[in-house]
Amino acid sequence: GAMSPIVVNPEPYFSRFVRSGDPLLQELEAEAHAENIPIVGPLVGELLFILARALRARSVLELGTATGYSAIYLARACALNSGRLTTIEMDPRLAARARKNIERAGLAPHATVVCSAAGEGMAALTGPFDLIFLDIDKADYAGVLGGCRRLLRTGGLLIADNVAFPDADEFNRAIHADAGWRPVSLFAFLPGHSPERDGLCLALRC
């Protein structure tokens, strides 16, 4: 027989199940909204935490810190995994804010904010990392793909945010054509994410 239709109004329906974070994360959400800083929001934040925990990731690299919102989710997983997060942010003012927010979250022992361009910051690292979260300017994604491959361990996970943006097209084509990766690109409704309809790429390094 035919498939039953899904729930009526799926977006409001699934929005009900998004767990809001603690007061610090809520404060960062309000700031991001007021200052137009794109953040991953509580749903993708929770997904990052779950994936880092499920992988038992002890070394995590984030490219694009902004004010440290996603870094807090990743560093919390690292703390539970007895690991650490390295997060790279190009803008010195944002990097300073991220450091302060990570300290306020009590995560300074588990996270290091590096202020540099992504490519330069990556060149100084040896890895291997268990997980990399990619969230810099989308036009720069394709250029750092080789660096991500170098730094990730075999079986490590790359998560790329905002792959529905036209600027991510070169990256999307490259990763899907590369036998060194097993990627899935999910086009999804992501409540609280900026924007709420976007693509996320999850790729295993072969």
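Heads up: the structure comes first, above all this text.
Notes on the structure in this doc start here. It should be emphasised that the depicted structure is a prediction, and the values quoted were computed from it without experimental measurement. (Residues numbered from 1 in each chain as written. Predicted model: local features only at pLDDT ≥ 70, side-chain atom pairs only at ≥ 80, totals over all residues. Heavy atoms only, no water.)

1. Side note on the overall build of the chain
No. 1: Across its full length, the chain carries eight helices and seven strands.
No. 2: Against the 2.2 N^0.38 benchmark of 17 Å for 206 residues, the chain shows a C-alpha radius of gyration of 17 Å, consistent with a compact globule.
No. 3: C-alpha extents for the chain along the principal axes are approximately 55 × 45 × 30 Å.
No. 4: When the accessible area of the chain is evaluated, it comes to approximately 10,300 Å², of which 56% is carbon and sulfur surface.
No. 5: Side chains of the chain give 20 positive and 23 negative charges; the mean places of these two sets differ by 9 Å. (Helix = DSSP H or I, 4+ residues; strand = E, 2+ residues; numbered from the N terminus. Rg over C-alpha atoms; globule rule 2.2 N^0.38 Å. Areas by Shrake-Rupley, 256 points an atom, 1.4 Å probe, with all protein chains shown as cover. Lys, Arg positive; Asp, Glu negative; His and termini not counted. Charge placed at Lys NZ, Arg CZ, Asp CG, Glu CD.)

2. What about the side chain of Asp198?
No. 1: Relative to the helices and strands, Asp198 resides in strand E7 (residues 197-205).
No. 2: It is Lys138 that comes nearest to the buried, bridge-free Asp198 among opposite-charge side chains, at 7.2 Å.
No. 3: A distance of 2.7 Å separates polar atoms of two side chains, one belonging to Asp198 and the other to Asn162. (Buried < 20%, exposed > 50% of the residue type's maximum accessible area, 1.4 Å probe, protein only. Salt bridge = Lys/Arg side-chain N within 4 Å of Asp/Glu carboxyl O. Polar contact = N/O pair within 3.5 Å; in protein donor to acceptor, adjacent residues only side chain to side chain.)

3. Side note on helix H8 (residues 169-177)
No. 1: Taken as a whole, H8 has its buried residues at Phe171, Asn172 and Ile175. The arc enclosing the buried residues of H8, seen along the axis, measures out at 100°, which places them on a common side. Residues of H8 that are exposed and point over 90 degrees away from its buried face: Glu170, Arg173 and Ala177.
No. 2: Those residues of H8 that are buried lie in contact with strand E4 (129-134), helix H7 (141-151), strand E5 (152-160), strand E6 (181-189) and E7. (Arc of directions from axis to C-beta. Contact = heavy atoms within 4.5 Å.)

4. As for the packing of helix H3 (residues 41-54) against helix H4 (residues 69-80)
No. 1: Close contact between H3 and H4 brings their axes to 9 Å; oriented N to C, the two are set at 25°. Regarding the angle of H3 to H4, the classification is roughly parallel. For the crossing formed where H3 meets H4, the hand is right-handed. Of the residues in H4, those in contact with Gly41, Pro42, Gly45, Glu46, Leu48, Phe49, Ala52 and Arg53 of H3 are Tyr69, Ser70, Tyr73, Leu74, Arg76, Ala77 and Leu80. (Axes fitted to C-alpha atoms, helices over the stretch in contact; angles between N-to-C directions. Parallel < 35°, antiparallel > 145°, perpendicular 65-115°, else oblique. Left-handed = near helix turned anticlockwise from the far one by under 90°.)

Everything listed here is a matter of geometry and, on its own, says nothing about what the molecule does.
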